[in-house]
Amino acid sequence: MLQAIDASGNKYHSFIEENSEQVKELDQNRRLLCPDCRNPIQLKSGPVKINHFAHRRGHLCTDKYSEPESPQHLKGKISLKAQLERMHPNSRVELEYKVQKTNQRSDVMVIHPDGKHEAFEFQCSPISEAVMNERHTLYKQAGVKDYWIFGETVHSYHESKDDNYNESSLHKFRGMELAVQAFQENLYYINTNTERLRALYNFNYKNNYSKTVFHIREESMDLGSILKFEDYLMNSSIKSMILNNREAAAIAEEERVRNQKEKEKKEELRKEQAVEEKRKRMREIHHTLNNKNLITKKEEELYNTLMQKHGYQYLPGCFNIAVEHNDMIITPNHVWQLWIYDEFIHHKNLHSSGRVFVSNIKDSFWKMINKGVFRAKRSKNNSYRSVHFSYPIYAYISALAMLDVLSKLSYKRNYYSIEVDEIKPFNDKWKNILLSIATEEAIDVFDEEDSLRYHFEKNKQFSSKADELINDAMLSFLKTNLNLSLEKYRKIEELKSKQKQYRNTIQYIHNLSGDVGDTLSEWERNFIKNSHQNKNKLTEKQLTVVDRISTKVEQKLNISLSMENI
C-alpha cells in the first residue's frame, strides 16, 4: 500500500519526498498503522523497489478485498493519480480512498467539486468474475462511478491461423475482463514500463471469435495524453474522430428526415392525383353507360334484354371493368362482360358442371362478332387468329377470379370453376361504379393469384389510400356475393400458416439429423425424411407425430423448436 496513518488518523504517503524523514521516524518507532485494519505496518524502500507500506510479520490485513501488491500495481496507482490530477485540476484526487458506506478502499478516488465520486481501480492480479461483479455492485450502491483498468500482464492475445485476423485483433479475456466488459463496455490496459494505455472500445468491436475471444481493433496512446470524454478514456485524436463521426451521422439523419418529408409530400400529391383520377374514371364510366353514340342498336337491345332478365336496376360493378388490351374490343365493357356472366356463369352451378372454359367463351364471342352483335378490331385478312379480342377476355376472367367469382383450375388460365353463379348489384348506382374502379385498381396492384378478401381483411388497400368508399364498395361486394364469411377465410389462412410452420420444423429437424443420433427411432427418421421430400398437406395425425419428434429433439439437444424460434 502507498498510504499509512498514525494513531491520530493522520495520513502519510510512502512516495512523497517532503515527508520522508517523518515517515522514517514513525516507522522506526513502530507508529505506522494500516488504514483498514489498524495493524502495525512498516515502510519498504530501496534503490529498486517503489517505496510502499506492508504489514509487519505476524499481522495480516483483515480487509476482505486486500491483495498482495506487485511493483506494477504500486507504480500504476501512482501514475493514475498523477494523470487524474492533470485531467481534473479542480477536483481532489486521493490514493487508497475509503468508501465508508461499503467499506471499500479504491486505488484512486476523484472527488469533484459537485460532490460526485469516481473510483479508478488498477487491477493487476486475477480475481473471480463473481468478486468483480460484487465490487462493482457495491460501488453502485454507494453512488460511486467506478472505472476498471487492468495491468498489462492481465491481457493476452489469441493466436489464429486465419488470415482474416491480424496478430493484435484477437483478444482472449478472463472472467474478470468479461465482467468489466459487461458493465463498462470498454476495456483498458496500462503498461507501467512504457507509460502507455491500450484501449478496446465498444465501437471498435467486430465480432466474437469464441465465447472468450473477441475480435476488436485496439487503440494505443501515451498515458500522459489521455483525457476523459463522457465515459471513455482516450486521447484528443480519438475524441475528434468520434465527434466527426457523430457530426456525419447527424448530417445523414438530417438528410434522411428531409428526404422522408419530400417523400411524404410527393405521396400526398400522388394521393390527391389518385383521387382526381378516380373521379375522372367515375365520370367516364357514367358517360359510357349513358352515351347512345358509343353503342350500336344490337348491343343496346342485348344489354337491355339481359338487364331485364336478371332484374337489374343498376349494373353490378364487376360487369364494367377496364382490363388489359381493352381497346381490342370495340363493344362497350358493360355489354360484353354482362353477356359473359349470363352465358357462362349465371346459375351454371345448378344446370352444368360449374366449370368455365375460356376457349368456349372465345368461340361464342367470335360467333357474336359474325352475327354483327359484337365489335372487335380486325386485321386485313379478317381471320379468327388475327382478331385479338381474346386478350381482354382472358384479362376479364382473371379479374373475376381475383373477386373469387371464379377459381382457376389450370395453369394456362383456360379452365375455371364457378364459385358464385348469381351476382347482385348494390342499390346505389355510384357504389356499383366504385366497385368497377376498385377492381381496376386491384388488377394493377395484385397478382392474379391474390385473394382480395385476404387483403381487405388485413386492411391492405390499393394505390395510395384510395377513397374509403371504394374500399367499402369492394368489401361489401365480397361479403354480399361470395357467401364466404371473413371468419371462414381467416381459418383457411391460419391452416395454411400452420402447415408452413410445421414444414419449417420438419426441414429444421432434417438438417439436424446428424446431431440427433439414436434419439429417434428408424421409423421416425424415415418419417422426417419422407415428409421433407413429400410436399403434400400434412394430416392432423402427421402433425401430432411432428410434435412428438420435436419434443425428443429439443430434449436431446437442449434447444427450442417453437414456431417463433424457427
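The shown structure was predicted, so the numbers you read here are calculated from the model rather than taken from an experiment.

### Focus on the overall build of the protein chain
No. 1: Of the regular secondary structure elements, the protein chain holds 17 helices and 20 strands.
No. 2: For the protein chain, the residues scored as buried account for 44% of the 566 residues in total.
No. 3: Counting contacts in the protein chain only where the partners sit at least 6 residues apart, residues at least 24 apart contribute 62% of the total.

### Remarks on the pattern of salt bridges
No. 1: By the definition in use, this model includes 22 salt bridges.
No. 2: Of the charged contacts in the structure, one is a salt bridge between K77 and E96, with a shortest N-O distance of 2.7 Å. With K77 in helix α2 (residues 71–87) and E96 in strand β5 (residues 92–99), this residue pair connects regions lying 19 residues apart in the sequence. Taken as a pair, K77 and E96 share a single burial class, namely buried.
No. 3: Where E253 meets R256, a salt bridge forms, and the shortest distance between an N and an O atom there is 2.8 Å. Placement of both E253 and R256 in helix α5 (residues 236–290) is noted, with a separation of three residues, approximately one turn of the helix.
No. 4: Overall, the relative accessible area of 38% leaves E253 in the partly exposed class.
No. 5: Here the salt bridges share partners, and the residues they tie into one network are K116, E118 and K228.

### Thoughts on the sheet that holds strand β8 (residues 145–151)
No. 1: The seven strands are arranged β5-β6-β7-β8-β11-β12-β15 in an open sheet whose pairing can be described as mixed. Since the sheet does not close on itself, it has two edges, and those belong to β5 and β15 (219–222), each with one partner. Averaged over all neighbouring strand pairs, the angle between strand axes comes to 30°, with direction disregarded.
No. 2: Pairing analysis gives five bridges linking strand β11 (residues 187–191) to strand β12 (residues 196–200), with the strands arranged antiparallel. Bridged to L187 within β12 is L200.
No. 3: Against the sheet, α2 contacts β5, β6 (104–111), β7 (117–123), β8 and β11, and its axis sits at roughly 20° relative to β6.
No. 4: Along the sheet face, helix α4 (residues 175–184) touches β7, β8 and β11 and points at about 145° away from the line of β8.

### Comments concerning the sheet that holds strand β19 (residues 406–408)
No. 1: As summarised here, the arrangement of the three strands in space is β18-β20-β19, forming an open sheet in which the pairing is antiparallel. Looking along the sheet, the strands with just one partner apiece sit at the ends: β18 (355–357) and β19. Averaged over all neighbouring strand pairs, the angle between strand axes comes to 35°, with direction disregarded.
No. 2: Judged from the three bridges that link them, β19 and strand β20 (residues 415–418) form a sheet pairing that is antiparallel. Counterpart to K408 in the pairing with β20 is Y416.
No. 3: Packed onto the sheet, helix α9 (residues 358–370) meets β18 and β20 and runs at close to 60° relative to β18.

### A look at the packing of helix α7 (residues 333–344) against α9
No. 1: Following both chains from N to C, one finds α7 and α9 inclined at 120°, their axes separated by 12 Å at the closest point. Judged by the angle between their axes, α7 and α9 are oblique. In this structure, the crossing between α7 and α9 has a hand that is right-handed. The residues of α9 that touch α7, namely those facing W336, W339, I340 and F344, are N360, I361, S364, F365 and M368.

### Some remarks on the packing of α7 against helix α10 (residues 390–402)
No. 1: Where α7 meets α10, the axes come as close as 12 Å, and the angle between the chain directions of the two elements is 60°. Relative to α10, α7 is oriented oblique. Once α7 is placed against α10, the crossing between them reads as right-handed. Facing α7, whose interface residues are W336, Q337 and I340, α10 presents P392, I393, Y396 and I397.
No. 2: The class makeup of the residues in the contact of α7 with α10 is six nonpolar, one polar and no charged.

### Remarks on the confidence of the model for the protein chain
No. 1: Per-residue pLDDT for the protein chain averages 81, and the proportion of residues at 70 or more is 82%.
No. 2: Considering only residues more than four positions removed or in separate chains, one finds that residues 448–469, a stretch of pLDDT under 50, has 56 contacts.
No. 3: Note that pLDDT drops below 50 for residues 482–489; the model gives that stretch 14 contacts with residues more than four away or on any other chain.

### Notes on unusual backbone geometry
No. 1: Here the phi dihedral of E230 falls at roughly 55°; this positive angle occurs in a residue that is not glycine.
No. 2: The class for E230 is partly exposed, based on a relative accessible area of 43%.
No. 3: Notably, H325 is not glycine yet its phi reads approximately 60°, a positive angle.
No. 4: The residue H325 is located in the loop between α6 (297–309) and α7 in this model.

### Thoughts on the pairing of strand β13 (residues 205–208)
No. 1: With three bridges joining them, β13 and strand β14 (residues 213–216) adopt antiparallel strand pairing. From the neighbouring strand, Y205 faces β14, where its bridge partner is I216.
No. 2: Here β13 folds back onto β14, and the loop between the two strands holds four residues.

### So, the environment of K297
No. 1: Examined against the element boundaries, K297 turns out to sit in helix α6.
No. 2: A residue is classified by how much of its surface remains accessible, and K297, at 64% relative accessible area, is exposed.

### Here we look at the packing of aromatic side chains
No. 1: A full pass over the atoms with the stated rule returns 20 aromatic pairs.
No. 2: Site record: aromatic cluster; members linked through ring pairs are W336, W339, F344, F365, W366, F374, F389 and Y396.
No. 3: Lying across the ring of Y147, K145 places its NZ or CZ 5.4 Å from the centre.
No. 4: Above the face of the F426 ring, K431 is positioned so that its terminal group lies 5.0 Å from the ring centre.

Reading the values: the criteria
- Residues numbered from 1 in each chain as written.
- Predicted model: local features only at pLDDT ≥ 70, side-chain atom pairs only at ≥ 80, totals over all residues.
- Heavy atoms only, no water.
- Helix = DSSP H or I, 4+ residues; strand = E, 2+ residues; numbered from the N terminus.
- Buried < 20%, exposed > 50% of the residue type's maximum accessible area, 1.4 Å probe, protein only.
- Contact = heavy atoms within 4.5 Å.
- Salt bridge = Lys/Arg side-chain N within 4 Å of Asp/Glu carboxyl O.
- Pairing = 2+ DSSP bridges.
- Axes fitted to C-alpha atoms, helices over the stretch in contact; angles between N-to-C directions.
- Parallel < 35°, antiparallel > 145°, perpendicular 65-115°, else oblique.
- Left-handed = near helix turned anticlockwise from the far one by under 90°.
- Nonpolar A, V, L, I, M, F, W, Y, C, P; charged D, E, K, R; others polar.
- pLDDT = per-residue confidence, 0-100.
- Phe/Tyr/Trp six-rings, centres within 6.5 Å; stacked < 30°, edge-to-face > 60°.
- Lys NZ or Arg CZ within 6 Å of the ring centre and 35° of its normal.

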